[in-house]
Amino acid sequence: MIHFSINKAVFLQALNTTKRAISHKNAIPVLSTVKVDVTNEGIGLTGSNGQISIEHFISVQEENAGLLISSTGSILLEASFFINVVSSLPDIVLDLKEIEQKQVLLTSGKSEITLKGKEAELYPRLQEVAATKPLVLETKLLKDIINETAFAASTQESRPILTGVHFVLTDGTLKTVATDSHRMSQRKIQLDKAGDNFDVVIPSRSLREFAAVFSEEIETVEVFFSNNQLLFRSQHISFYTRLLEGTYPDTDRLIPKDFNTTVIFDTANLRHAMERARLLSNATQNGTVKLEIQNGVISAHVNSPEVGKVNEELDTLAVSGEDLIISFNPTYLIGALKAVGNEQVKISFISPIRPFTLVPNAEGEDFIQLITPVRTN
């Protein structure tokens, strides 16, 4: 029969972290609960939606937790109810005590609330991931990689493999790539300390949740792989995700080597211009912007018979090569520019019908993006 008291703010923060893995519309009703495991070492909270699972551990050693454990045990509690109740409690400290028939009594200040729970044995067991020889990455670096690639993954389930980000480690070089077949984003980095080589596809949704759960106060994260599962682990948080099955397409062959036209832009200026153009392009039939490069002058055009026109000469830092007229979806270019962590971006074109590339205009960054143009009449 569980009994403990804890600092409400610390407990609530851990619950909210765990809650990110819990879906209310789950085919398996037990997955709408949070599992509370109380041991002599501390409290473990677990949430899962079948795709990702998050465990958050609060240790009795943690100074600001104020955790006092009177008796141990496990119980399942309806996640949204439980978290809402905890957040509404009036005092700094809350006391949780299991009473008869899997009910818990929450006491805080003058408030007493009873909630019904369920047997912890009903909860599915998390798959074990062998915790040997982890890849250790800086949390900030991993979050940067996710921001630079995950946005380009597909949201369509028709090709499930494209909803993930392809992570390949080969002899110390980590390559991450995402594509939805209209655009692609690829980042390569050299790792000082690399583990064993691997080749996996991680759901982009899982990576975005990881980025939300792991703050940069957590300096490093350990990464473990099994056949179809991956574990990100820090001191207090274990984040499990299923891997996508299948063979990721060979994206290296898509990257062009030779170009006919190259332009260097101020990243922020170009993004603002594209955001203005998108306002009207959304009202056009094909949702495109036409870019004209003539005699070193670059202009963007949108013509919507219903709404109006955009004609804007774009500021450039350098232009070289042949004249060109090309049309594309501005949303893809805006997404790509948001991912460029540099003040300047170099865009290189081959022809109106071949994909064009974006790279940061800086030495030493191995980051390339591709956007496929739209053929217009």
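Above this note sits the structure.
Worth saying up front: this structure is predicted, and the values here are computed from it rather than measured. (Residues numbered from 1 in each chain as written. Predicted model: local features only at pLDDT ≥ 70, side-chain atom pairs only at ≥ 80, totals over all residues. Heavy atoms only, no water.)

A. Region of interest: the layout of surface pockets. The computed volume of the largest pocket comes to approximately 470 Å³. For the lining of the largest pocket, the secondary-structure elements that each account for two or more residues are helix 1 (8-19) and strand 4 (52-59). Sort the elements by how many residues they give to the lining of the largest pocket and helix 1 lands first, with 4 residues. Residues belonging to the lining of the largest pocket are distributed by class as follows: 6 nonpolar, 8 polar and 2 charged. Considering only enclosed or pocket space, the second largest pocket measures out at about 390 Å³ in volume. The wall of the second largest pocket is formed by 17 residues, among which Thr 284, Asn 286, Thr 288, Asn 303 and Thr 376 lie closest to the centre. Going through the elements one at a time, strand 19 (289-294), strand 20 (297-304) and strand 21 (308-313) are the ones with two or more residues in the lining of the second largest pocket. Take the lining of the second largest pocket: its biggest share by element is 3 residues, from strand 20. Here the residues of the lining of the second largest pocket are counted per class, giving 4 nonpolar, 10 polar and 3 charged. (1 Å grid on protein atoms, 1.4 Å probe; cavity = no way out; pocket = protein on both sides within 12 Å on 5 of 7 lines; lining within 4 Å. Points joined across faces, edges and corners; volume = space filled by probe spheres on them. Helix = DSSP H or I, 4+ residues; strand = E, 2+ residues; numbered from the N terminus. Nonpolar A, V, L, I, M, F, W, Y, C, P; charged D, E, K, R; others polar.)

B. Fine view of empty space enclosed by the protein. According to the stated counting rule, one finds 3 cavities of 30 Å³ or more in the structure shown. Its boundaries defined by the atoms lining it, the largest cavity holds a volume of some 60 Å³. Lining the largest cavity we find Leu 135, Leu 137, Leu 142, Phe 167, Leu 174, Phe 198, Ile 202, Val 223, Phe 225, Leu 230 and Phe 232. Breaking the lining of the largest cavity down by element, the ones donating at least two residues are strand 10 (135-138), strand 14 (198-203), strand 15 (220-225) and strand 16 (229-233). Classifying every residue of the lining of the largest cavity by side-chain character gives 11 nonpolar, no polar and no charged.

C. Expanded view of the packing of helix 1 against helix 2 (residues 79-88). Between helix 1 and helix 2, whose axes approach to 10 Å, the crossing angle comes to 155 degrees. Classified by the angle between their axes, helix 1 and helix 2 sit roughly antiparallel to one another. The chirality of how helix 1 crosses helix 2 is left-handed. Each of Lys 8, Phe 11, Leu 12, Leu 15, Asn 16 and Lys 19 in helix 1 lies in contact with helix 2, whose residues at this interface are Phe 82, Ile 83, Val 86 and Ser 87. Of the residues assigned to the contact of helix 1 with helix 2, the class counts are 6 nonpolar, 2 polar and 2 charged. (Axes fitted to C-alpha atoms, helices over the stretch in contact; angles between N-to-C directions. Parallel < 35°, antiparallel > 145°, perpendicular 65-115°, else oblique. Left-handed = near helix turned anticlockwise from the far one by under 90°. Contact = heavy atoms within 4.5 Å.)

D. Summary view of helix 1. End to end, helix 1 covers 16 Å across 12 residues, agreeing with the expected 16 Å (1.5 Å per residue, within 8%). All of the buried residues in helix 1 are Lys 8, Val 10, Phe 11, Leu 12, Ala 14, Leu 15, Thr 17 and Thr 18. N-capping of helix 1 is provided by Asn 7, with a side-chain oxygen placed 2.8 Å from the backbone N of Ala 9. (Expected span 1.5 Å × (residues − 1). Buried < 20%, exposed > 50% of the residue type's maximum accessible area, 1.4 Å probe, protein only. Polar contact = N/O pair within 3.5 Å; in protein donor to acceptor, adjacent residues only side chain to side chain.)

Don't take any of this as a statement about function, it's just geometry.
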